[in-house]
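Listed below are the residues making up each chain.
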Amino acid sequence: MLSIKNLQAQVEDKQILKGLNLTINPGEVHAIMGPNGSGKSSLASVLAGRDAYEVTGGEVEFYGKDLLELSPEDRAREGLFLAFQYPVEIPGVSNINFLKTAMNEIRAYKGLEPLDAKSFLKLSKEKQQLVEFDAKLVNRCLNEGFSGGEKKRNEIFQLAMLEPRLAILDETDSGLDIDALRIVANGVNALRSKDNAFVVITHYQRLLDYIVPDFVHVLFDGKIIKSGTKVLALELEEKGYDWLKESVHAPIV
Amino acid sequence: MTPQVTLPIYDDLLKDFSKLEMKAEHEQIRQKRRNALEVFKRTGFPTRKHEDWKYTAVTPYLQANFRTNGSVPIAPVAVDYLKLAAIPGLDCYRVVTVNGVLQPTEVALPSNVKIRSMAEAQEDAGLLKHFGSVSVLDKAPFAALNTALFAHGFFLEMDANTSLDKPIHLVQVLSSDAHAFVQPRNLVVIHAGANATLIESVVSTPGTKVFVNSVTEVVLKENAQLQHYVLQMAEKETQLIQQNDVSQSMHSLYSNYTFSLPGSSLIRNNLNVALDAQQTETHLYGLYLGTGNQLIDNHSLVDHKMPHCNSNEMYKGVLMDRATGVFNGKVFVQQDAQKTNAFQQNNNLLLSDEATINSKPQLEIFADDVKCSHGSTVGQLSKESMFYLQSRGISEQSARAMLVNAFAFDVTEKIGIPQLEKFINHKITAHIPALN
Ligand SMILES: Nc1ncnc2c1ncn2[C@@H]1O[C@H](COP(=O)(O)OP(=O)(O)OP(=O)(O)O)[C@@H](O)[C@H]1O
Ligand SMILES: [Mg+2]
């Protein structure tokens, strides 16, 4: 569904992604790990269309379309979803109205009628239960005054509502307590199907015990320097990144 | 030589005044007119050299040959003004004026509220007592000009200890193909313990070229309450200079909501509230949306003269295209006004590089035991918020509209009438520009 070839991107004249390759097929779960500042969130931002990033080379195809040509909203409408590492607070915009607008604009793009109020409410109740999201939070302003963990759970609630084809979870586990981690992971597992895919960005093996990945990639200095199975995550947990960094720098020496 | 001399309207107005002198009128009113004319003649039309008009040039709008006083059309216009001003779903008592002239009411008002034209009520003791008692003309050339030369307008009185089951909707239609200079004068007296809601909508018929210089004096007696909404939504070739002067007695509550919407090329609101007694409460909410080349100028003064009064002012501005906003909010806390609570805030959102705002909150405190704060901000739509909304499939246009509505929320949520709140939110959404 997604094919990234030699992707290069910069922000404020600083090269961040330096030739990144990744292919994702329906039904797969990919974990991306890597040291702080290696470019994980940048990759997510470039895919979602944040305009601070300038793509300087390479290509990204999403279901046969040139993803990089699409506006951020059209990427979402095509089925891409980014659960943000740092979700913003938007006072004055109600969480539920925001979701209703999002859902109906996505439906309109697909040529579907807007959901009537009753069906929307029913769906919202179902999904709240699925990800154990507090009904009180649903009616508040978007993330305003939410705790760190509540914001992350709101991202997963939105994910459950919008049912994207490809979801990128950027450190959704950080800031979650142990119970919440399990709930969020169970929610994601319940949403997994043969038709959708997940990219899970994380620093911790723990999450991958719950959401078991098919592939694990290490992103370092704007490139994927190693890919493997879930065993790689265990190895990283044990050894850190230094042994990999050395192998990257080796040819230069 | 003052530049006025080159304005034909200046001479026309002076000629009008000599004609007025020949008409029968109560001596008290006539005397106020004469005094006011002297005040006006001293300053003439203000120019940008006047501190209070630094950002707002009016003379460019006064160059035309205007119809004044007697020659202004006063007939009801052949346009469905209900449509122009209708607030969907809102049940209210409707009163209509055309170029300031009160029209016969279609449905009789309840007996506890009286609306008469100024001319009809000119012998009324209540009118004579309050007319010209609230407005201070010294540094207000337009108010002085209005006092000297007003024509038409209404006198609204609400009986003591009564209230109404629904708001009064005063639809002020402006209508003239040829340039007209219109100066209505209004007086609102809410007697002791009475409670009223007044919605004023200023609208215009297509192609109207009217310059309005209006003054409304509002008197709130003890324990009186007035929720006063002003909706300015006239068309592009209109200019509005609207002075609203309020006097509050003990335990009275005055709430003003001023919505200046896209349209009129020039809007200048002078809102002056005198807290003349103890234990009063005042809320001033404003929202201005400027588009095109509009200039929207809000000058306000809250004058705390007595102890134990609370005032709260919150103005929000959204400026697009090449629009200019001016906010000048004065809060005076006089020496006797101990235990004052005064709060003032002005926040602005600039949606275009060419839009400007001049914001000047002014707090002057002469008492020592008070709680006061004020602040002013200018910002743009947050890119982070825009991206967040768009990343969920929401179009750029809707995302902007959502954020602008959210910005205005602190003001719109204070609207005590749900239909009106909805109406204003729709207006906001409708005016958010398409993609740059
Ligand atoms: N707006 C920006 N201006 C300048 N540098 C930026 C900007 N945004 C990101 N960067 C830089 O890009 C690099 C990659 O950042 P990114 O957020 O993608 O890292 P990450 O892998 O997600 O890190 P973490 O694990 O800490 O979340 C960092 O060095 C960061 O400082
Ligand atoms: Mg990151």
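Definitions and limits used
Residues numbered from 1 in each chain as written. Chains lettered and ligands numbered in written order. Predicted model: local features only at pLDDT ≥ 70, side-chain atom pairs only at ≥ 80, totals over all residues. Heavy atoms only, no water. Donors = N, O, S within 2.8 Å, 3.2 Å for Na, K, Ca; no water. Helix = DSSP H or I, 4+ residues; strand = E, 2+ residues; numbered from the N terminus. Buried < 20%, exposed > 50% of the residue type's maximum accessible area, 1.4 Å probe, protein only. Pairing = 2+ DSSP bridges. Axes fitted to C-alpha atoms, helices over the stretch in contact; angles between N-to-C directions. Contact = heavy atoms within 4.5 Å. Parallel < 35°, antiparallel > 145°, perpendicular 65-115°, else oblique. Left-handed = near helix turned anticlockwise from the far one by under 90°. Nonpolar A, V, L, I, M, F, W, Y, C, P; charged D, E, K, R; others polar. Domains from an automatic or database assignment. Buried area = accessible area lost by both parts, 1.4 Å probe. Salt bridge = Lys/Arg side-chain N within 4 Å of Asp/Glu carboxyl O. Polar contact = N/O pair within 3.5 Å; in protein donor to acceptor, adjacent residues only side chain to side chain.

(A) Expanded view of the coordination of the magnesium ion (ligand 2). All names here are of chain A. Donor atoms from the polypeptide that bind the magnesium ion (ligand 2) are S41 (OG) and Q85 (OE1), placed at 2.0 to 2.2 Å. Of this pair, S41 sits in helix 1 (residues 40-48) while Q85 sits in the loop between strand 6 (80-83) and strand 7 (90-94), placing them 44 residues apart in sequence. By relative accessible area, S41 is classed as partly exposed at 24%.

(B) Expanded view of the sheet that holds strand 3 (residues 29-33) of chain A. All names here are of chain A. Taken together, the 6 strands give an open sheet; going across it, the order is 6-9-10-3-11-12, and neighbouring strands pair in mixed fashion. Both edges of this open sheet fall to strand 6 and strand 12 (223-228), since each of them pairs with a single strand only. If you compare each strand with its neighbour and ignore which way they point, the axes differ by 20° on average. Of the strand pairs in this sheet, strand 9 (residues 166-170) and strand 10 (residues 197-201) are connected by 5 bridges, and their pairing is parallel. The residue bridging A167 from the neighbouring strand is F198, located in strand 10. Running at roughly 165° to strand 6, helix 6 (residues 148-162) makes contact with strand 6, strand 9 and strand 10 of the sheet. Sitting on the sheet, helix 9 (residues 230-239) touches strand 3, strand 11 (215-220) and strand 12, and the angle it makes with strand 11 is about 45°.

(C) Main features of the packing of helix 3 (residues 95-109) of chain A against helix 4 (residues 117-130) of chain A. All names here are of chain A. In the contact formed by helix 3 and helix 4, the axes pass within 12 Å of each other and the chain directions differ by 110°. With respect to helix 4, the axis of helix 3 lies roughly perpendicular. Judged by the sense of rotation from one axis to the other, the crossing of helix 3 with helix 4 is right-handed. Contacts between helix 3 and helix 4 involve I96, L99, K100 and M103 from the former and F120, L123 and S124 from the latter. Taken together, the residues of the contact of helix 3 with helix 4 break down into 5 nonpolar, 1 polar and 1 charged.

(D) Geometry of the domain arrangement of chain B. Residue and element names in this part refer to chain B. Looking at the assigned domains, one finds that chain B contains domain 1 (4-277) and domain 2 (383-436). A C-alpha centroid distance of 32 Å is found between domain 1 and domain 2. With 15 residues of domain 1 at the interface, the matching set in domain 2 holds 11 residues. For the pair domain 1 and domain 2, the summed buried area comes to about 1,100 Å², and 85% of that belongs to carbon and sulfur atoms. For the domain 1 face of the interface with domain 2, the top three residues by lost area are Y229, F259 and L261, together amounting to 36%. Counting the contacts that link domain 1 with domain 2 gives 0 salt bridges. On the surface where domain 1 and domain 2 come into contact, there are 3 residue pairs in polar contact (both at pLDDT 80 or more). Elements with a contribution of two residues or more to the side of domain 1 that touches domain 2: strand 8 (195-204), strand 10 (225-232) and strand 12 (253-260). Of the residues belonging to the side of domain 1 that touches domain 2, the class tally is 13 nonpolar, 2 polar and no charged.

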